[in-house]
Amino acid sequence: MSWLLGRNRPQPQQDAALAGGSDDEDKNVGKELSKAERKAMEAYRFDSSALERAAEAARTLERSRHAGEALELSKLQELTRQQEYQTKIKEYEAHVEQAKVEQKRIDHEERRKTLVEETKQQQQRAQYQDQLSRRRYEDQLNQQQRVQEENLRKQEESVARQEAMRRQTIEHEIEMKEKNRLKLLEHEMRVKAKVDRENRDINLEQIRLKAQEHRTTVLESIKTASAVIGAGFDAMLTDWDKVLTAAGGLSLLALGVYAARGATGVTSRYIESRIGKPTLVEETSRFALLDALKHPIRYIKRLTSKPTDALQGVVLNPKLEERLRDIAIATKNTRINRGLYRNILMHGPPGTGKTMFAKKLAEHSGMDYAIMTGGDVAPMGNEAVTGIHKVFDWSQTSRRGLLLFVDEADAFLRKRSSERISEDLRAALNAFLYRTSEQNAKFMLVLASNTPEQFDYAINDRLDEMVEFTLPGPEERERLLRLYFDKYVLKPAAEGARRFKLETFDYGNTCSKMAKICEGMSGREISKLGVSWQAAVYASENGVLTEKMVIDRAQSAAAQHKQKMAWLSEHERLDHKSVTGGKIE
């Protein structure tokens, strides 16, 4: 509609002059005004000529034949503007609705977050309440335990006071009885001394008479015996038949004595080989008459016992346990099928379970076992050969098969080429080699040594299998500590011993700590540690074993082990590598 108002028509000259004058005035009045400010001022400036131009344009439009079309076009433009306005209104309403939906979503999210936070707070509050109730319960339990311990302590103190009073009463009674007995004895001695002083002359006279009678009796006996012996010699010398009879009787008597001695020796050797045990054998599971008479209950239990697991109570490395289990199964089947037994060498540091496994192996296989020590051979001197033959002869008589375990075998089975050994010990070694030259179905040979490198080559040639027993590792030490803690601590405490109580603590965690402390210790040293725990309880005032006492004993045992290792000389370290687990520090 700008053409209606004449905005697009060219301005008259006067308008231009006026506009120019106006511009000049504006430039003079407000040179500092900006272009935007001048445009704003022109927009709000009233122009009277515009109305005239509009009226003229309206008249021209009325006279024009396109007036209707222009009106329709203006209406159409107005309707388009209204539709655009309605569209903008709807878009605005849609934006408002979207904003409401977004606001609802935000409110819902806020409520959800609020509910989640409230749920968390309720859970935390419930957990806190649960912790408070648990603490109250634990406090009640601790209070009850303290009350019980206090009551127990008071009872023990009361019992101790009563025991002390009873002991004092008994000691007083014993003291009074002793005083009365001494007074009575003193009185009796005085009376006896008085009677002896009064009867001294009578006693002396009786002694004289008894001595005279004894002297007379002895003289008469001598005279009678001399007369009889003289008469007998006279009669014998005069009669030769009696002389020959006496000589024959004496000869027969001597022959009977020597025959009895020989028969007794043969019988004793037979009994020793069948029932008794040789001198070199220190311990055996075979039936021995003297040992059975000394310990009948032990032999009855041994006869009624059943075969057990070869590794029961033995804690070793898993790979070593697997290998020993294979040996145990093979030995048992060898005995059942009456096959030839294999000879085994078990070497390693002392206290690692070699002797224990040998006994368990015999029990598992259903065999008898016999234990001898190599150190007992050398002191026997020239009788060592006979002793070794007796051991092997005795082994051949076992019906169940015998496991002969030689501990510290390197004591007499040393190298003949480099070691300086006596002739007796060399002869004993040769006898041992002769009796073990072939595998046997009657006995199984098991040697144990801490220094297997000192064996003679002929001994190594007779070994079928060698097993190394190493020091227990961390897991084995923990298993051993748990085993001996249960054996020496938990079971005595559970049996209710009078002076054996145990403080409540985490036993498994404590054993894990001690396994790290006891590094390098053998199974025997760990078992001794279990005995030291009992000693700590018996030495305490209240008879209660605490965690601190257990840890202190373990640290003390570890320090003693380190001191023993420090005492080893350089020569001992080179000869006994197995003591340090094969490491030379």
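Residues numbered from 1 in each chain as written. Predicted model: local features only at pLDDT ≥ 70, side-chain atom pairs only at ≥ 80, totals over all residues. Heavy atoms only, no water.

1. Some points on the packing of helix 16 (residues 523–539) against helix 17 (residues 547–567)
Here comes step 1: As a packed pair, helix 16 and helix 17 sit with axes 10 Å apart at the nearest point and diverge in direction by 135 degrees. Classified by the angle between their axes, helix 16 and helix 17 sit oblique to one another. Regarding helix 16 and helix 17, the two cross each other, and that crossing is right-handed. In this structure, helix 16 contributes Glu525, Leu529, Ser532, Trp533, Ala535, Ala536 and Val537 to the contact, and helix 17 contributes Met549, Val550, Arg553, Ala554, Ala557, His561 and Lys564.
Here comes step 2: By residue class, the composition of the contact of helix 16 with helix 17 is nine nonpolar, two polar and three charged. (Axes fitted to C-alpha atoms, helices over the stretch in contact; angles between N-to-C directions. Helix = DSSP H or I, 4+ residues; strand = E, 2+ residues; numbered from the N terminus. Parallel < 35°, antiparallel > 145°, perpendicular 65-115°, else oblique. Left-handed = near helix turned anticlockwise from the far one by under 90°. Contact = heavy atoms within 4.5 Å. Nonpolar A, V, L, I, M, F, W, Y, C, P; charged D, E, K, R; others polar.)

2. Things to note about the nonpolar core
Here comes step 1: In this structure, Val377, Leu413 and Leu447 are the most contacted members of the largest nonpolar core, which totals 31 residues.
Here comes step 2: Those elements giving two or more residues to this core turn out to be strand 3 (368–373), helix 11 (384–396), strand 4 (402–407), helix 12 (423–435), strand 5 (443–449) and helix 13 (457–461).
Here comes step 3: Here the element with the most residues in this core is helix 12; it accounts for six residues.
Here comes step 4: Apart from the residues within four sequence positions on either side, Leu447 is in contact with Ile344, Leu345, Met346, Val406, Ala409, Leu413, Phe432, Ile459 and Leu463. (Core = buried A, V, L, I, M, F, W, Y, C linked by side-chain atoms within 4.5 Å. Buried < 20%, exposed > 50% of the residue type's maximum accessible area, 1.4 Å probe, protein only.)

3. Topic: the UniProt feature "coiled-coil region" (unreviewed entry) in the protein chain
Here comes step 1: Residues annotated by UniProt as "coiled-coil region" (unreviewed entry) correspond here to residues 82–109.
Here comes step 2: In this annotation, residues 82–109 is assigned 100% helix and 0% strand; the end-to-end C-alpha distance for the span is 40 Å. (UniProt positions renumbered as here; feature names shortened; annotations may be inferred.)

4. A few points about the packing of aromatic side chains
Here comes step 1: Summed over the entire model, instances satisfying the criterion amount to nine aromatic pairs.
Here comes step 2: Residues Phe357 and Phe469 carry aromatic rings whose centres are separated by 6.4 Å and whose planes lie at 50 degrees to one another, so their mutual orientation is tilted. Remark: Phe469 occurs in the loop between strand 6 (465–468) and helix 14 (474–494) and Phe357 occurs in helix 10 (residues 354–365); sequence separation between them is 112 residues. (Phe/Tyr/Trp six-rings, centres within 6.5 Å; stacked < 30°, edge-to-face > 60°.)

5. Details of the pairing of strand 5
Here comes step 1: Among the seven residues of strand 5, seven are classified as buried, and the element is accordingly described as predominantly covered.
Here comes step 2: Burial of strand 5 is two-sided: the residues Phe443, Leu445, Leu447 and Ser449 facing one way and the residues Met444, Val446 and Ala448 facing the other way are all buried.
Here comes step 3: In terms of strand pairing, strand 4 meets strand 5 through five bridges, oriented parallel. Across the sheet, Leu403 pairs through a bridge with Met444, a residue of strand 5. (Pairing = 2+ DSSP bridges.)

6. So, the pairing of strand 4
Here comes step 1: In terms of burial, strand 4 is largely enclosed, as five of its six residues are buried.
Here comes step 2: Judged from the six bridges that link them, strand 3 and strand 4 form a sheet pairing that is parallel. The residue of strand 4 that forms the bridge with Ala370 is Leu404.
Here comes step 3: Traced from strand 3 through helix 11 to strand 4, the parallel crossover comes out right-handed.
Here comes step 4: With respect to chirality, the unit in which strand 4 leads through helix 12 into the neighbouring parallel strand 5 is right-handed. (Right-handed = clockwise from strand over helix to strand, strands pointing away.)

7. Regarding a nonpolar patch on the surface
Here comes step 1: On the surface, a cluster of nonpolar side chains totalling about 280 Å² of accessible area is made up of Leu73, Leu76 and Leu79.
Here comes step 2: Mapped onto the elements, Leu76 comes out in helix 4 (residues 67–198). (Patch = residues over 30% accessible without salt bridge, like charges linked within 9 Å, V, L, I, M, F, W, Y side chains within 5 Å. Areas by Shrake-Rupley, 256 points an atom, 1.4 Å probe, with all protein chains shown as cover. Salt bridge = Lys/Arg side-chain N within 4 Å of Asp/Glu carboxyl O.)

8. Things to note about the side chain of Arg435
Here comes step 1: Looking at the secondary structure, you find Arg435 in helix 12.
Here comes step 2: Among the polar contacts made by the side chain of Arg435, one reaches the side chain of His389 at a distance of 3.1 Å.
Here comes step 3: With sequence-adjacent residues up to four places away left out, Arg435 is seen in contact with His389, Phe392, Asp393 and Phe443. (Polar contact = N/O pair within 3.5 Å; in protein donor to acceptor, adjacent residues only side chain to side chain.)

9. Overview of unusual backbone geometry
Here comes step 1: A positive phi angle, near 55 degrees, is found at Arg338, a position not held by glycine.
Here comes step 2: Counting through the fold element by element, Arg338 comes out in the loop between helix 9 (318–336) and strand 2 (344–347).
Here comes step 3: Arg338 sits in the exposed class, given a relative accessible area of 76%.
Here comes step 4: Its identity is not glycine, yet Glu408 carries a phi of approximately 50 degrees, on the positive side.
Here comes step 5: Inspection of the secondary structure assignment puts Glu408 in the loop between strand 4 and helix 12.

10. So, the sheet that holds strand 5
Here comes step 1: With mixed pairing, six strands are arranged side by side in an open sheet as 1-3-4-5-2-6. The sheet terminates laterally at strand 1 (281–284) and strand 6, the two strands that pair on one side only. Averaged over all neighbouring strand pairs, the angle between strand axes comes to 20 degrees, with direction disregarded.
Here comes step 2: Note that strand 2 and strand 6 share four bridges and pair parallel. The partner of His347 across the bridge, within strand 6, is Glu468.
Here comes step 3: In the packing of helix 9 onto the sheet, the strands contacted are strand 2, strand 5 and strand 6, and the crossing angle to strand 6 comes to about 145 degrees.
Here comes step 4: Along the sheet face, helix 11 touches strand 1, strand 3, strand 4 and strand 5 and points at about 155 degrees away from the line of strand 4.

11. Some words on helix 9
Here comes step 1: Across its 19 residues, helix 9 extends 27 Å between first and last C-alpha, which sits within 8% of the 27 Å expected from 1.5 Å per residue.
Here comes step 2: Turning to helix 9, the residues buried within the fold contact strand 2, helix 10, strand 5, strand 6 and helix 14.
Here comes step 3: Where helix 9 starts, the residue carrying a side-chain oxygen 3.0 Å from the main-chain nitrogen of Lys319 turns out to be Asn317.
Here comes step 4: Positive phi shows up at Arg338, right after helix 9, with a value of about 55 degrees. (Expected span 1.5 Å × (residues − 1).)

12. Observations regarding the pattern of salt bridges
Here comes step 1: One pass over the structure, following the stated rule, counts 20 salt bridges.
Here comes step 2: Ionic pairing is found between Glu178 and Arg181, a salt bridge with its closest N-O pair at 2.6 Å. Residue Glu178 and its partner Arg181 are both found in helix 4; the two are separated by three residues, about one turn of the helix.
Here comes step 3: Of the residues examined, Glu178 reaches a relative accessible area of 35% and is grouped as partly exposed.
Here comes step 4: For Arg181, a relative accessible area of 45% translates into the label partly exposed.
Here comes step 5: Between Asp368 and Arg400 there is a salt bridge whose closest N-O contact spans 3.2 Å.

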